[in-house]
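What follows is each chain in one-letter form.
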Amino acid sequence: MNILGQFRFRAIDLLRGTNIVETLKKLRKEQYLDSQTLANLSRNNYKEFLAQMIPTTQYYTNLGSKVASSVLTKEIIRKNTAALFSKWFSHKKYAKGTGGSTGAPLVYYTTNEAQSFMWAGILLSWETLGYQLGDKVAFVAGTSLGKNDIKHKVFHQLMNVTTYSAYQLNDHDIESYLYRIDKSKTKLMYGYATAINRIAEFILKSQNTYSFSHLKGIVSTAEILSDKHRNNIEQAFKVKVHNQYGCNEAGISAFECDFGNMHYINSATRIEFDNDGNALATNLVNKAFPMIRYFTGDKFDIVENVSCPCKRGYPTIENFMGRTCDLVIDKRNKVMHSAFFNVLFRDNKHIEQFQVLFNDHKLTVYLQLDSNDLPKEMANYYLDAIKGKMEFDDYAIEINAPFLEAENAKHRYVINTSTDTSIPA
Ligand SMILES: [Zn+2]
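We now turn to the structure provided with this report. (Residues numbered from 1 in each chain as written. Predicted model: local features only at pLDDT ≥ 70, side-chain atom pairs only at ≥ 80, totals over all residues. Heavy atoms only, no water.)

**Considering the overall build of the protein chain**
Part 1: Assigned secondary structure in the protein chain consists of 12 helices and 20 strands.
Part 2: Taken against the 2.2 N^0.38 rule, which gives 22 Å for 425 residues, the C-alpha radius of gyration of the protein chain at 22 Å falls within 12% of a compact globule.
Part 3: Counting only C-alpha atoms, the protein chain reaches 65 × 55 × 45 Å along its principal axes.
Part 4: Taken over 425 residues, the protein chain has a buried fraction of 51%.
Part 5: Counted over contacts in the protein chain with a minimum sequence separation of 6, partners at least 24 positions apart contribute 65%.
Part 6: Surface accessibility of the protein chain: about 20100 Å² in total, with carbon and sulfur atoms responsible for 51%. (Helix = DSSP H or I, 4+ residues; strand = E, 2+ residues; numbered from the N terminus. Rg over C-alpha atoms; globule rule 2.2 N^0.38 Å. Buried < 20%, exposed > 50% of the residue type's maximum accessible area, 1.4 Å probe, protein only. Contact = heavy atoms within 4.5 Å. Areas by Shrake-Rupley, 256 points an atom, 1.4 Å probe, with all protein chains shown as cover.)

Set out below in structure tokens:
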């Protein structure tokens with residue numbers, strides 16, 4: 001055990017009023033309970049949560065017995081914010097915003113307990129790769145991970161985290177990042193899949209001499225990690241990559257184990273699905289601003305009774321289909337998921353990344369290739385496949401033009417240029 005590391009995190013808890021160290025200790029044990037025990041625990045936590053929250057929260061009291069079949073959308077939260085505070089909770093609350101990728105951002109309220117859980121979940125994912133509290137960590141991310149005010153600076157320093165901006169990464173930035181990551185004996189990298197992949201591609205091309213001998217592993221988050229990116233990253237850094245997925249407002253925290261399974265912490269969230277397969281989650285650790293059957297905008301399957309060789313009893317998330325903001329809507333209002341393009345381009349090794357821009361009449365596919373050529377037959381093949389599924393007046397493929405970047409530097413696979421306000425047109 002790393003005493004100094006423990007001390008760093010105890011200091012954070014003391015300064016921020018959180019309880020990260022104790023929550024992490026609890027999760028470390030809890031994860032190895034058998035799946036039946038954990039399923040019962042999740043069910044009981046949910047029951048208790050409803051019993052405490054419904055009578056003390058105006059919005060749910062008004063709904064009465066309809067709570068069990070209700071769906072809480074961002075729109076409803078925006079219109080009913082005042083009625084969503086529970087009178088049961090008397091401690092400090094914090095306003096939090098979620099990304100505005102589907103239009104107006106959402107403001108909700110969180111607690112020290114929920115924040116502690118979020119961080120403990122992230123640390124648990126790092127520990128699957130041998131991370132110990134206090135190890136040097138590199139954050140490669142945009143605004144949603146690497147806030148830059150004084151409070152966050154102190155927090156990151158105590159955590160022993162250095163942030164590296166993923167925003168408009170050029171070769172010169174990457175060169176200096178790599179030097180600093182190697183020299184500071186960084187033990188773990190944590191950040192956006194596409195940004196880390198960009199760095200990995202630079203390493204693979206440049207044949208530089210960094211050994212990253214201190215690096216234990218890389219945890220990718222906030223975006224879907226494609227097999228191609230995972231391979232690139234593992235080859236470049238010669239360590240394992242684990243995926244992590246969190247939907248903080250929903251209390252969802254999932255992490256990949258050594259056997260490639262994404263376990264989610266079911267004691268903290270209760271996940272159900274609507275008829276279209278959208279995940280509805282109840283965040284069981286936020287008792288200030290209860291969100292019951294919250295529409296996450298994510299689609300995936302869950303497997304309750306896992307028997308993973310890692311011996312963790314937490315259920316797993318499978319077939320993650322990304323977010324509802326990754327949807328293309330054609331002129332007849334037919335909806336197509338960005339996964340369609342993933343599948344379409346998957347087997348072409350020259351395509352490194354794609355982005356689809358569309359409005360009411362035109363769809364443009366931006367392809368990042370390892371060269372400047374896309375054979376005409378190939379382009380026509382792609383266009384025909386797209387035309388077979390969607391209807392626009394006009395279609396185009398652009399090769400190696402820069403992608404549009406969101407303010408938080410996450411890669412966007414699909415952008416609706418007629419409604420999207422987070423990206424300058
Ligand atoms: Zn496992």
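**What about the coordination of the zinc ion?**
Part 1: Distances from the zinc ion to its protein donors, namely Cys257 (SG), His263 (NE2), Cys308 (SG) and Cys310 (SG), fall within the range 2.1 to 2.3 Å.
Part 2: Taken together, the 4 donor atoms coordinating the zinc ion and their angles of 101 to 117° define a geometry best described as tetrahedral. (Donors = N, O, S within 2.8 Å, 3.2 Å for Na, K, Ca; no water. Tetrahedral: all angles 85-135°; square planar, octahedral: opposite > 155°, others 65-115°.)

**With respect to a nonpolar patch on the surface**
Part 1: Side chains of Leu15, Ile150 and Val154 sit close together on the surface and give an oily, nonpolar patch of about 320 Å² of accessible area.
Part 2: In this structure, Val154 sits in helix α7 (residues 150–159). (Patch = residues over 30% accessible without salt bridge, like charges linked within 9 Å, V, L, I, M, F, W, Y side chains within 5 Å. Salt bridge = Lys/Arg side-chain N within 4 Å of Asp/Glu carboxyl O.)

**Considering the sheet that holds strand β11 (residues 278–283)**
Part 1: Across the sheet, which stays open at both edges, the 3 strands sit in the order β10-β11-β12 with antiparallel pairing between neighbours. The sheet is open, and its two borders are formed by β10 (269–273) and β12 (294–299), each paired with just one other strand. This sheet shows a mean twist of 35° between the axes of neighbouring strands, independent of strand direction.
Part 2: Direction of pairing for β11 relative to β12: antiparallel, over a ladder of 3 bridges. Bridge pairing in β12 links Asn278 to Lys299.
Part 3: Against the sheet, helix α3 (residues 35–53) contacts β10 and β11, and its axis sits at roughly 90° relative to β10. (Pairing = 2+ DSSP bridges. Axes fitted to C-alpha atoms, helices over the stretch in contact; angles between N-to-C directions.)

Remember that the coordinates give geometry; whether it matters functionally is a separate question.
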